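Letter by letter, the chains look like this.
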Number of protein chains: 2
Amino acid sequence: MPSWAIGIDLGGTNIKIAVVGESEGILFEDTQPTDTAAGPDGVVRQLAFLVDALYQRAAETLDTGLFAGIGLGAPGAVDAAKGALSYPPNLPGWGQRYDLRDQLRLRLEQAHGIKAFVIIENDANAAAYGEAIFGGGNAFRDFMLVTLGTGVGGGIILDRKLYRGPFGTAGEIGFMIVDFEGTSVHAGIRGTIEGLIGKERIVEMACSPEMQAERSPRLAELCNRDFSRLSPRHLEQAAKEGDEAALRTWERVGFILGVGLANVTALMDIRKFVIGGGIAAAGELIFEPAMMQLHRSTLPSMHDGLEIVPARLGNKAGIYGAAALCFNAEKSSGLDD
Amino acid sequence: MPSWAIGIDLGGTNIKIAVVGESEGILFEDTQPTDTAAGPDGVVRQLAFLVDALYQRAAETLDTGLFAGIGLGAPGAVDAAKGALSYPPNLPGWGQRYDLRDQLRLRLEQAHGIKAFVIIENDANAAAYGEAIFGGGNAFRDFMLVTLGTGVGGGIILDRKLYRGPFGTAGEIGFMIVDFEGTSVHAGIRGTIEGLIGKERIVEMACSPEMQAERSPRLAELCNRDFSRLSPRHLEQAAKEGDEAALRTWERVGFILGVGLANVTALMDIRKFVIGGGIAAAGELIFEPAMMQLHRSTLPSMHDGLEIVPARLGNKAGIYGAAALCFNAEKSSGLDD
């Protein structure tokens, strides 16, 4: 019998939460601003309250005997085995280490009478797992999810299981260096993928002497002649209308992404890539040059099976993945180490 | 009771072979030029002959009931599960796919009456496994062996097991791109680690306008004023005597290596590196700047546990590793997939 679980995506802005059926996908969902000011204990109270509300609603129609538990994806370094979250960005006051899993479990039991299996995971990993089970990576045994947005992140699936790495921080493709002699410095590191094609950088690139977005009448129109307000969305629209500056910019973004993916192939022998995040909405504008560059930048002996596909779950990948971790708790690697 | 095995390192120049005791290490060994002209079947006959000779010698003093089998490391793409070798570089005429494991097993049985477990593995992987079991990686649960020589290669150990990757070609750190805008092109790819710090490149680097090895009296002396004959060994000696051009060259090599290692840490969360190969004889001349750069090029949240140590088995790592694969056949990942 298919079970159901509650998946949570804890972000610095919002908490996204949903009841996910193992075969049905999302059944009910809710989003609420994160009460960051309340600190970790306050956020745990808020989480428990939201879980309780959704659990009660689910219990009206679903068999509570098939409830698999609560999965939570969180930003920052997650020690999945111990259930601890360290230094989550955008969650001030959480300090070096907070026992999020046990605190949530305790609060649920003591304040709401809900005894449940709780599992926590890094949000990028949860998203990768979501795409693996419910989304764009479903056909792949091994792949990397790369999310293109304000930051560039990722999660790695090997043999259908999450690859966390020895310290739980694997998948930081945004901090891979591809241009160590270049001029871009981001978070103190020169020539990283995120420093080259993070969201802000794409707009800067468009306005660079190389691309000269300012000379495009269409882009000027889209941003009301205020190029400080130019967005990736404008570049996407202009490119789809054939604007040269916008097309060249996306081509360059795809080119650099392709170099990064080639490094993943060289090192890990991973040949399937699922691309998500807001910037990935540009689709083939990025994927086509990325694929071309991925081929050019890898040895011919590694060309078999190279593939780039879009992610399918959008900003719900994290919820899906967090819930899926409950369905497959014993199957996902390293959880019981 | 500790068992023993025969380890083979099949190279384009030599076949190295040894009887390896699980606790004693190498007991007897032999090296013989590879009869490359004889093609795959001829090399298999040669291998079987060498195995037979060493097996008979071992059987005089060792318990044949404790013979674990024959492990063979080979260059090129190895399908460890199927025992096939594809396109081994420096072994002309081997074609796209040769069933090396089964052919060797058959030949041993039919021509020599030896029925044995045979396992084949990519040579860089075998070397990594050798360092993991008998060498510099013995203290590490997870590490990457990086070999610096004519080429730059590597093998990855995760959770004390070999990580082969989905297609068996993982660990190609030499083909990781760190300078995609640079001038170096190697095997058709721009800005790879091997294209920047492969053996030949190091000598070129020393003679570049930046390093100006030609201006060093000591280096001129070491290469008899013929800078086309300058070798890494000369650079090593001069640097140890304080020669500025040589010191700057090694610093630069270490710097670039450190960038590559940082990428491994970002992507795979591996923080331990074992450095081998002929060039690694330069030791701290490379390791120190590499470690400095590894720190500078990784996020502070990934600094815990970063370590660079020398490989300990030299050019015998492959023999050790191939033999060790027999001792731990069921434990090493993916062999029975």
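About the thresholds
- Counting of residues starts from 1 at the beginning of each chain's written sequence and follows it residue by residue.
- Chains carry letters from A onward and ligands carry numbers from 1 onward, assigned in written order.
- It should be noted that, the model being predicted, local features are given only for residues of pLDDT at least 70 and side-chain atom pairs only at 80 or more, the latter also being counted only at that level, while totals for whole chains, interfaces and linings use all residues.
- Each side-chain value is worked out from all heavy atoms of the structure, with water and hydrogens disregarded.
- Whether two residues are in contact is decided by their heavy atoms: any pair within 4.5 Å suffices.
- Reported buried area values correspond to the accessible surface (1.4 Å probe) lost by two parts on association, with both partners' losses combined.
- Salt bridges are counted wherever a side-chain nitrogen of Lys or Arg sits within 4 Å of a carboxyl oxygen of Asp or Glu.
- For this analysis, a polar contact is any N or O atom pair within 3.5 Å, provided that within protein one partner can donate a hydrogen and the other can accept it, and provided that sequence-adjacent residues contribute only side-chain to side-chain pairs.
- In this description a helix means any DSSP run of H or I spanning at least four residues, a strand means any run of E spanning at least two, and both kinds are numbered starting from the N terminus.
- All amino acids are sorted into three groups, where Ala, Val, Leu, Ile, Met, Phe, Trp, Tyr, Cys and Pro are nonpolar, Asp, Glu, Lys and Arg are charged, and the leftover types, Gly among them, are polar.
- Here the rule is simple: two strands pair whenever DSSP picks up at least two bridges between them.
- Every axis in this analysis is a line fitted to C-alpha atoms, fitted for helices over the stretch in contact. Angles between the N-to-C directions lie between 0 and 180 degrees.
- Any helix carries an expected span of 1.5 Å times its number of residues minus one.
- For the exposure calls, accessible area comes from a 1.4 Å probe over protein chains only, and a residue counts as buried if that area is under 20% of its type's maximum, exposed if over 50%, partly exposed in between.
- Throughout, the arc means that of the directions going from the helix axis to the C-beta atoms.
- Cysteine sulfur pairs qualify as disulfides if the two atoms are within 2.5 Å.
- Lining residues are those with an atom within 4 Å of a point, where the points come from a 1 Å grid over the protein atoms alone and group into cavities, where a 1.4 Å probe fits but cannot get out, or pockets, open sets with protein on both sides within 12 Å along at least five of seven lines.
- Grid points are joined across faces, edges and corners, and a volume is the space filled by probe spheres set on the points.
- Should an angle fall under 35 degrees it is called roughly parallel, over 145 degrees roughly antiparallel, and 65 to 115 degrees roughly perpendicular, with every other angle called oblique.
- In this scheme, a crossing is called left-handed if the near helix is turned counterclockwise away from the far one by less than a right angle; it is called right-handed if the turn is clockwise.
- Here the copies are matched by least squares. The fit uses the C-alpha atoms of residues with pLDDT of at least 70 in both.
- Here the bounds of each domain stem from an automatic or database domain assignment.

## Notes on the interface of chain B and chain A
In this complex, chain B contributes 44 residues to the contact, which on the side of chain A involves 44 residues. Buried surface at the junction of chain B and chain A, both sides included, amounts to about 3600 Å², of which 65% is carbon and sulfur. Counting across the chain B and chain A interface gives two salt bridges. With a closest N to O distance of 2.7 Å, Glu-181 of chain A and Arg-252 of chain B form a salt bridge. Scanning the region where chain B abuts chain A turns up 22 residue pairs in polar contact (both at pLDDT 80 or more). Contributions of two or more residues to the side of chain B that touches chain A are made by strand S9 (152-158) and helix H8 (244-268) of chain B. When residues in the side of chain B that touches chain A are grouped by element, the largest group, ten residues, is from H8 of chain B. When the residues that make up the side of chain B that touches chain A are grouped by side-chain class, the tally is 26 nonpolar, eight polar and ten charged.

## Things to note about the environment of Pro-2 of chain A
All names here are of chain A. Locating Pro-2 in the fold gives a position in the segment before strand S1 (4-10). The spatial distance from the C-alpha of Pro-2 to the C-alpha of Phe-28 is 16 Å, given a sequence separation of 26 residues. Contacts of Pro-2, omitting those with residues within four sequence positions, involve Glu-22, Ser-23 and Leu-66.

## A short note on the sheet that holds strand S3 (residues 25-33) of chain B
All names here are of chain B. Spatial ordering of the open sheet is given by S3-S2-S1-S4-S7, a layout of five strands whose pairing is mixed. In this open sheet, the two edge strands, each paired with only one partner strand, are S3 and strand S7 (118-122). Within this sheet the neighbouring strands show an average axis-to-axis angle of 20 degrees, counted without direction. In this structure, strand S1 (residues 4-10) lies alongside strand S2 (residues 14-21), joined through seven bridges in antiparallel fashion. Bridge pairing in S2 places Leu-10 opposite Ile-15. Contacting S1, strand S4 (67-74) and S7, helix H2 (residues 100-112) runs over the sheet at an angle of about 145 degrees to S7. On the sheet, helix H3 (residues 123-134) packs against S1, S2, S3, S4 and S7 and is oriented at approximately 105 degrees with respect to S7.

## Thoughts on helix H2 (residues 100-112) of chain A
All names here are of chain A. Compared with an ideal rise of 1.5 Å per residue, which puts 13 residues at 18 Å, H2 spans 17 Å between its outermost C-alpha atoms and is within 8% of the ideal. The complete set of buried residues in H2 reads Leu-100, Arg-101, Leu-104, Leu-108 and His-112. Buried residues of H2 fall within an arc of 105 degrees about the axis and therefore sit on the same side. Of the surrounding secondary structure, the elements contacted by the buried residues of H2 are S1, helix H1 (39-59), strand S4 (67-74), strand S6 (84-86) and strand S7 (118-122). Gly-113 sits one or two positions beyond H2 and adopts a positive phi of about 65 degrees.

## Quick look at the pattern of salt bridges
Residue and element names in this part refer to chain B. The final tally for this structure, using the stated rule, is 34 salt bridges over all chains. For the salt bridge of Arg-101 with Asp-102, the shortest nitrogen-to-oxygen distance reads 3.3 Å. Its relative accessible area of 30% is what places Asp-102 among the partly exposed residues. Asp-159 is the partner of Lys-161 in a salt bridge, and the nearest nitrogen-oxygen pair spans 3.7 Å. On the basis of relative accessibility, which here comes to 29%, the residue Lys-161 falls in the partly exposed class.

## Focus on the state of the cysteines
Within this structure, the stated rule accounts for zero disulfides over all chains. Cys-223 of chain A takes part in no disulfide bond, and the closest cysteine sulfur, belonging to Cys-207 of chain A, lies 7.6 Å away.

## Details of the layout of surface pockets
Residue and element names in this part refer to chain B. Here the second largest pocket is characterised by a volume of approximately 390 Å³. What lines the second largest pocket is a set of 18 residues, and nearest its centre among them are Thr-183, Ser-184, Leu-196, Met-205 and Arg-252. If you list the elements that add at least two residues to the lining of the second largest pocket, you get strand S11 (185-186), helix H4 (193-197), helix H5 (199-206) and H8.

## Let's talk about the packing of H5 of chain B against H8 of chain B
Residues and elements named next belong to chain B. H8 packs onto H5 with a crossing angle of 135 degrees between their chain directions and a minimal axis gap of 9 Å. Taken as axis vectors, H5 and H8 run oblique relative to one another. Considering how the two elements wind past one another, H5 and H8 form a crossing that is right-handed. For the pair formed by H5 and H8, the contact residues are Ile-202, Met-205 and Ala-206 on the first element and Thr-249, Trp-250, Arg-252, Val-253 and Ile-256 on the second. Taken together, the residues of the contact of H5 with H8 sort by class into six nonpolar, one polar and one charged.

## A look at the relation of the copies chain B and chain A
Screw-axis analysis of chain B against chain A gives a translation of 0.0 Å along the axis, an RMSD of 0.1 Å, and a rotation angle of 180 degrees. Within this description, the copies of the chain are treated as partners about a two-fold rotation axis. When the interface residues of chain B are mapped onto chain A, 100% of them again fall at the interface, so both copies present the same face.

## Let's talk about the domain arrangement of chain A
Residues and elements named next belong to chain A. Once the domains are mapped, chain A shows domain 1 (4-129 + 316-327) and domain 2 (139-312). Taken together, the contact between domain 1 and domain 2 spans nine residues of the former and eleven residues of the latter. In total, about 780 Å² of surface goes out of reach between domain 1 and domain 2, with carbon and sulfur atoms giving 61% of it. Applying the counting rule to domain 1 against domain 2 returns one salt bridge.

## What about unusual backbone geometry?
Even without being a glycine, Ala-187 of chain A presents a positive backbone phi close to 50 degrees. In this fold, Ala-187 of chain A is placed in the loop between strand S11 (185-186) and strand S12 (189-190). For Ala-187 of chain A, a relative accessible area of 52% puts it in the exposed group. Even without being a glycine, Arg-160 of chain B presents a positive backbone phi close to 65 degrees. With respect to the helices and strands, the residue Arg-160 of chain B is situated in the loop between S9 and strand S10 (161-163).

## Observations concerning the side chain of Arg-101 of chain B
Residues and elements named next belong to chain B. The residue Arg-101 is located in helix H2 in this model. Only 3.2 Å separates the side chain of Arg-101 from the backbone oxygen of Ala-81, close enough to count as a polar contact. Not counting residues up to four positions away in its chain, the partners in contact with Arg-101 are Ala-80, Ala-81, Lys-82, Gly-83, Val-118 and Ile-120.

## Some points on the pairing of strand S8 (residues 143-148) of chain B
In regular strands, side chains alternate between the two faces of the sheet. Residue and element names in this part refer to chain B. Burial within S8 is extensive, with five of its six residues counted as buried. Where S8 lies against S9, six bridges are found, and the strand directions are antiparallel. By the bridge assignment for S9, Thr-147 is matched with Gly-153. Between S8 and S9, which pair antiparallel one after the other, the connecting turn spans three residues. The pairing of S8 with strand S13 (residues 272-276) spans four bridges and is parallel. Of the residues in S13, the one forming a bridge with Met-144 is Phe-273.

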